[in-house]
Amino acid sequence: MTDALPPIVIPEQLKPSDGRFGCGPSKIRPEAVAALAEAGADYLGTSHRQPTVRGMVGRLREGVASLFTLPHGWEVVVGNGGSTVFWDAATFGLIETRSQHLVFGEFSSKFATAAERSPHLETPSVLEAPAGSAPEAVADPEIDLYALTHNETSTGVAPPVRRLTEDATGGLVAVDATSAAGGIHWDPLDVDVYYFSPQKCLASDGSMYIAACSPAAIERIESLTRSERWIPASLDLGVALDNSRKDQTYNTPALATVFLAVHQIEWLLDNGGMPFATGRTTESSTIIYSWAEATEWTTPFVSDPALRSPVVATVDLDHSIDATLVSKILRANGIVDTEAYRKLGRNQLRMGLFPAVEPADVASLTRCIEHVVERLGD
Ligand SMILES: *Cc1c(COP(=O)(O)O)cnc(C)c1O
């Protein structure tokens with residue numbers, strides 16, 4: 001292959017200490033990987049039905065409960081397959097008849113599609129807003145589950161999550177928090193199910209879902225999974241709940257994923273919990289957005305500052321600069337995964353600013369982007 005990239009070399013002293021700015025899988029702290037290597041033979045390659053691994057699953061569930069200060073009666077359900085599989089599980093075990101979906105990007109649209117295609121559910125209500133903005137939920141007595149997304153990773157829009165006070169019929173509020181959980185504040189009073197995968201803010205690897213469930217959500221799971229409805233066992237949230245209560249998963253989990261997630265949660269907790277985590281993401285995102293506003297050839301893609309995500313920043317570049325080329329040159333210099341979400345089709349950089357990312361590295365990233373852009377015309 002011929003290398004057509006302009007030979008721009010970023011000086012070492014400008015570079016961040018870690019070049020990973022992806023939106024998932026994203027930076028895993030080297031300390032966590034070292035701890036996993038150290039735990040090595042005592043943990044990896046051992047039975048997930050024995051205390052060594054079950055203890056780690058227990059620490060994961062307790063850590064999630066402490067990090068989010070979950071109220072009494074909430075339970076943390078874990079299962080295999082990540083948030084994508086959780087959507088399918090939710091069509092069986094959380095949506096009773098009809099759901100409402102706020103769709104404003106690629107990820108939020110996928111859960112809506114899963115519900116639309118479920119033969120046992122009524123056609124969902126789908127409220128859409130263009131990429132870069134967010135729709136608002138509308139109270140409707142026919143809706144038994146409102147599907148929200150805390151951070152639309154494809155666009156960098158993070159709307160506040162809140163329960164509709166106008167909703168008198170008690171529809172569950174289910175929040176896809178895959179890229180938000182552990183990086184953006186939320187209040188359990190506004191939510192019934194807060195679900196996510198650990199390869200974003202939790203700086204672990206993928207393949208698992210974690211769902212914090214309110215007593216109302218637990219009640220819904222128990223009633224639907226005991227009903228006549230056919231549910232494949234691997235997608236049965238009742239089965240997942242029973243196993244989670246024993247600090248297990250229905251089938252074999254990825255042990256490294258569990259370990260790394262526990263390491264990250266305990267690191268966050270040891271440093272002050274959510275205020276520490278959101279302090280870091282706020283600092284990082286303030287660096288990016290102020291830079292993007294001050295720089296002549298950059299504009300934050302999300303025009304409403306209140307909707308700008310603290311964990312996924314999307315920055316449009318002036319049309320005279322090829323953003324894809326900038327990302328490629330950054331990549332050749334060891335700064336990876338700054339490409340825009342492929343289907344969004346914008347001349348844009350997208351950067352993951354999860355709590356594991358050092359704010360100082362975000363500042364270095366802006367200087368590296370400038371270094372590349374200033375030399376592109378040469
Ligand atoms: C990454 C992501 C998903 C998909 O997560 P998987 O673990 O790959 O299933 C879903 N929703 C949002 C908001 C995401 O950012």
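Residues numbered from 1 in each chain as written. Predicted model: local features only at pLDDT ≥ 70, side-chain atom pairs only at ≥ 80, totals over all residues. Heavy atoms only, no water.

**Notes on the packing of helix H5 (residues 215-225) against helix H6 (residues 237-245)**
- Two elements in contact, H5 and H6, have axes whose closest approach is 8 Å; the angle formed by their N-to-C orientations is 125°. Regarding the angle of H5 to H6, the classification is oblique. Packed against H5, whose contacting residues are Ile-218, Ile-221, Glu-222 and Thr-225, the element H6 presents Leu-237, Gly-238, Leu-241 and Arg-245 at the interface.
- The residue makeup of the contact of H5 with H6, split by class, is 4 nonpolar, 2 polar and 2 charged. (Axes fitted to C-alpha atoms, helices over the stretch in contact; angles between N-to-C directions. Helix = DSSP H or I, 4+ residues; strand = E, 2+ residues; numbered from the N terminus. Parallel < 35°, antiparallel > 145°, perpendicular 65-115°, else oblique. Contact = heavy atoms within 4.5 Å. Nonpolar A, V, L, I, M, F, W, Y, C, P; charged D, E, K, R; others polar.)

**Concerning the pattern of salt bridges**
- Within this structure, the stated rule accounts for 18 salt bridges.
- For Asp-316, the salt bridge identified is with Arg-346, shortest N-O distance 2.7 Å. Of this pair, Asp-316 sits in strand S9 (residues 312-317) while Arg-346 sits in the loop between helix H9 (323-332) and strand S10 (348-352), and the two are 30 residues apart along the sequence.
- Overlapping salt bridges bring together Glu-75, Glu-222 and Arg-245 as one network. (Salt bridge = Lys/Arg side-chain N within 4 Å of Asp/Glu carboxyl O.)

**Some details on the domain arrangement of the protein**
- Domain boundaries in the protein define domain 1 (14-28 + 274-376) and domain 2 (30-270).
- Between the C-alpha centres of domain 1 and domain 2 the distance comes to 27 Å.
- Residue-level contacts link 31 residues of domain 1 with 34 residues of domain 2.
- Where domain 1 abuts domain 2, roughly 2,400 Å² becomes buried across the two surfaces, and 67% of that area is made up of carbon and sulfur atoms.
- By the criterion of area lost to domain 2, the three top residues of domain 1 are Ile-28, Met-274 and Leu-307, representing 29% of everything that side buries.
- Summed over the shared surface of domain 1 and domain 2, the result is 1 salt bridge.
- If you look at where domain 1 meets domain 2, you find 9 residue pairs in polar contact (both at pLDDT 80 or more).
- Elements with a minimum of two residues in the side of domain 1 that touches domain 2: helix H8 (274-294) and S9.
- The biggest single contributor to the side of domain 1 that touches domain 2 is H8, with 7 residues.
- When the residues that make up the side of domain 1 that touches domain 2 are grouped by side-chain class, the tally is 19 nonpolar, 6 polar and 6 charged. (Domains from an automatic or database assignment. Buried area = accessible area lost by both parts, 1.4 Å probe. Polar contact = N/O pair within 3.5 Å; in protein donor to acceptor, adjacent residues only side chain to side chain.)

**Remarks on the pairing of S9**
- Burial analysis of S9 places 6 of its 6 residues in the buried class, the great majority of the element.
- Sheet topology note: the strand S8 (residues 298-300)/S9 ladder contains 3 bridges and is antiparallel. Counted as the bridge partner of Pro-300 is Val-315 from S9.
- Summarising the sheet, S9 and S10 pair through 5 bridges and their orientation is antiparallel. Each residue of the ladder has a partner; that of Asp-316, found in S10, is Gln-348. (Buried < 20%, exposed > 50% of the residue type's maximum accessible area, 1.4 Å probe, protein only. Pairing = 2+ DSSP bridges.)

**Here's the deal with the side chain of Arg-280**
- One can find Arg-280 in helix H8.
- With residues up to four places along the chain from it excluded, the contact list for Arg-280 reads Trp-267, Pro-355, Ala-356, Val-357, Glu-358 and Pro-359.

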